[in-house]
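# Coordinate inspection notes
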Amino acid sequence: MRRIILFAISVMCCLIVSAQQKPMKPRLVVCTDIAPADIEPDDMESMVRLMAYADCFEIEALITTVGWNADPYPTEWKDYLTRVIEAYRKDVPRLMARSGQTSFLPLEQENGRQQMGYWPSADYLSQRAVMGSQNGGIKAVGENNDTPGSNLLIRLADEDDPRPIYVAAWGGANTLAQAIWRVKETRTASELSQFVNRFRIYTITDQDMAYNNRMNRAYSSHMWLRQDFADNLPFIWDEGTWQEQCELGKRHWQQHKDHIQGRGMLGSEYPTYKWGVEGDTPSFLYLMPNGLNDPEDPRQAGWAGYHERGISPDSLTTAWNSWQEPVRSISVGYKQRFYPDELNDFMARMQWAAEGHGNRNAAVVVNGDKGLSPIIIEAQAGRGMRLDASLSTDPDGDALSFLWWQQKEIGDGTLTIEHAEQPETTIYIPSDAHGKEFHIICEVHDKGPFHLVSYRRVIIKVTDRSSVHQFLEK
């Protein structure tokens, strides 16, 4: 009996350690100008997709706010956000089966840090759905303009949590601007800098205004954020990827009709497009924890394209963007490359929402390293090195196919990749590569339904020092 008890304790300890080793979700805030489908359906579409990925993001706030659709933002439009959350409430028991989750944490624990794979309750999401700035532009920032949304952002930044807070602006972001303004008025310069440093922002074009005022850049609070906080607030201004998301969605609309619309209660809330499909989705695809990119480095190509720091479309401020050539074509090229896998992934999740079963993504293991973060390896110039993903596994037992490729926009030069379609490859480092950095992607597809994809990024830093990793003479 004693042995049985000791074994049970041992198993429990292993389970606890395993749970503790799960990575934390990235923190996400959404500012949405969600609206009726006959006015602008794409926020509704993007919100449905976000709910299908609620196990991947710690959704800290869903803030309804002004945007192109209306300035001021009508209070009653917030009901469309409520409809999506209530649809999620009905589908989440089936979505939970994807990760084997059988219950929710108590609400006070949900309000703490969430691990990857955890599906939050609809009650948690409902309390995070608040109203932000209903009027657009920098003129709506200042005294008497605090909102439940701006107050929530201040509380989030003040939490004892080292993770950055990513703000996805589907509409305007002047709710964030108001939070920053309030802290500027009430705290020291050092405290303000510390506060702003907690945030990252990804704006889908500039929607801090009604559509007919969209070219008046100075009207927007976004310009103030870029000007006054250029050194503290990483700012991505998307003018390119979101348009391609819209166009690719239209071209693949039949797949949306067949595999997304009507699939579960979430699918019943997914409207037919009017202008484009899911134009706001790149703002959280950028943050997608799938092993492809680290959102702290916008140069790392991912499901939201590729970005470089440079002059903004307002010709006055700088930001991470992809609106000018050749960066625009590079970003659009990556969007086109990844889109079929991105859509397949969404369709597979909607099957779970409707049926409670389906395919799941493989776990990519490179050189014995599990997880999602980029693997950093030191290498020596003029030598070869092995990268081995043969220990990668699929939770459904599906066979796997492999592709190793280089993201050539980072680093200087092309690496030779042998056996690029095998689990194990040899990478040869040029002899003149001292001090350079190269990025290699291990892309893995399963052979189950929708051929789901997983990734792992390997960052090779070329030094003069010997490495603990295995090298081969060229």
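Our structure is the block above this text.
Small disclaimer: the values here were computed from a predicted structure and weren't measured. (Residues numbered from 1 in each chain as written. Predicted model: local features only at pLDDT ≥ 70, side-chain atom pairs only at ≥ 80, totals over all residues. Heavy atoms only, no water.)

The helix and strand inventory of the protein stands at 14 helices and 16 strands. Computed over the C-alpha atoms, the radius of gyration of the protein is 23 Å, within 12% of the 23 Å expected from 2.2 N^0.38 for a compact globule of 474 residues. Seen through its C-alpha atoms, the protein measures out along the principal axes to roughly 65 × 60 × 50 Å. Residues counted as buried form 56% of the 474 residues belonging to the protein. Put simply, 75% of the contacts in the protein that link residues at least 6 apart link residues at least 24 apart. Accessible surface, the protein: about 19,400 Å² in total, of which carbon and sulfur atoms supply 51%. (Helix = DSSP H or I, 4+ residues; strand = E, 2+ residues; numbered from the N terminus. Rg over C-alpha atoms; globule rule 2.2 N^0.38 Å. Buried < 20%, exposed > 50% of the residue type's maximum accessible area, 1.4 Å probe, protein only. Contact = heavy atoms within 4.5 Å. Areas by Shrake-Rupley, 256 points an atom, 1.4 Å probe, with all protein chains shown as cover.)

On to the sheet that holds strand E8 (residues 318-321), then. Taken together, eight strands build an open sheet; the order of strands is E3-E2-E1-E4-E5-E6-E8-E7 and the sheet is mixed. Either end of the sheet is taken by a strand with one partner, and the two such strands are strand E3 (129-131) and strand E7 (308-311). In this sheet, neighbouring strand axes are inclined to one another by 30° on average, regardless of whether the strands run parallel or antiparallel. In this sheet, strand E2 (residues 58-64) lies alongside strand E1 (residues 27-32) in parallel orientation, the contact comprising six bridges. (Pairing = 2+ DSSP bridges. Axes fitted to C-alpha atoms, helices over the stretch in contact; angles between N-to-C directions.)

Right, let's get into the side chain of threonine 32. Counting through the fold element by element, threonine 32 comes out in strand E1. Once residues within four sequence positions are removed from consideration, threonine 32 is found in contact with Asp43, Met47, Ile63, Thr64, Thr65, Trp170 and Gly171.

What follows deals with the layout of surface pockets. Here the largest pocket is characterised by a volume of approximately 1,200 Å³. Around the largest pocket sit 33 residues that line it, and Met116, Asn361, Ala362, Ala363 and Leu372 are the ones nearest its centre. Sorting the residues of the lining of the largest pocket by element identifies helix H14 (327-355) and strand E15 (453-463) as the ones contributing at least two each. In terms of residues, the lining of the largest pocket owes the most to one element, E15, which gives four residues. Its residues assigned to classes, the lining of the largest pocket shows 15 nonpolar, nine polar and nine charged. Each pocket or cavity is described by its volume, and for the second largest pocket that value is around 480 Å³. (1 Å grid on protein atoms, 1.4 Å probe; cavity = no way out; pocket = protein on both sides within 12 Å on 5 of 7 lines; lining within 4 Å. Points joined across faces, edges and corners; volume = space filled by probe spheres on them. Nonpolar A, V, L, I, M, F, W, Y, C, P; charged D, E, K, R; others polar.)

Applying the stated criterion across every chain, the model contains 32 salt bridges. Among the ionic pairs, glutamate 342 bridges to arginine 49, the shortest N-O distance being 3.1 Å. Highlighted residues: glutamate 342 in helix H14 and arginine 49 in helix H2 (residues 42-52), separated in sequence by 293 residues. For the pair formed by glutamate 342 and arginine 49, the shared burial category is buried. Arginine 182 is the partner of glutamate 143 in a salt bridge, and the nearest nitrogen-oxygen pair spans 3.0 Å. Residue glutamate 143 is located in the loop between E3 and helix H6 (148-158), and its partner arginine 182 is located in helix H7 (residues 174-186); the two are separated by 39 residues in the primary sequence. Among the ionic contacts, a cluster of salt bridges with common partners joins Arg27, Glu58, Glu60, Arg113, Arg128, Glu159, Asp161 and Arg163. (Salt bridge = Lys/Arg side-chain N within 4 Å of Asp/Glu carboxyl O.)

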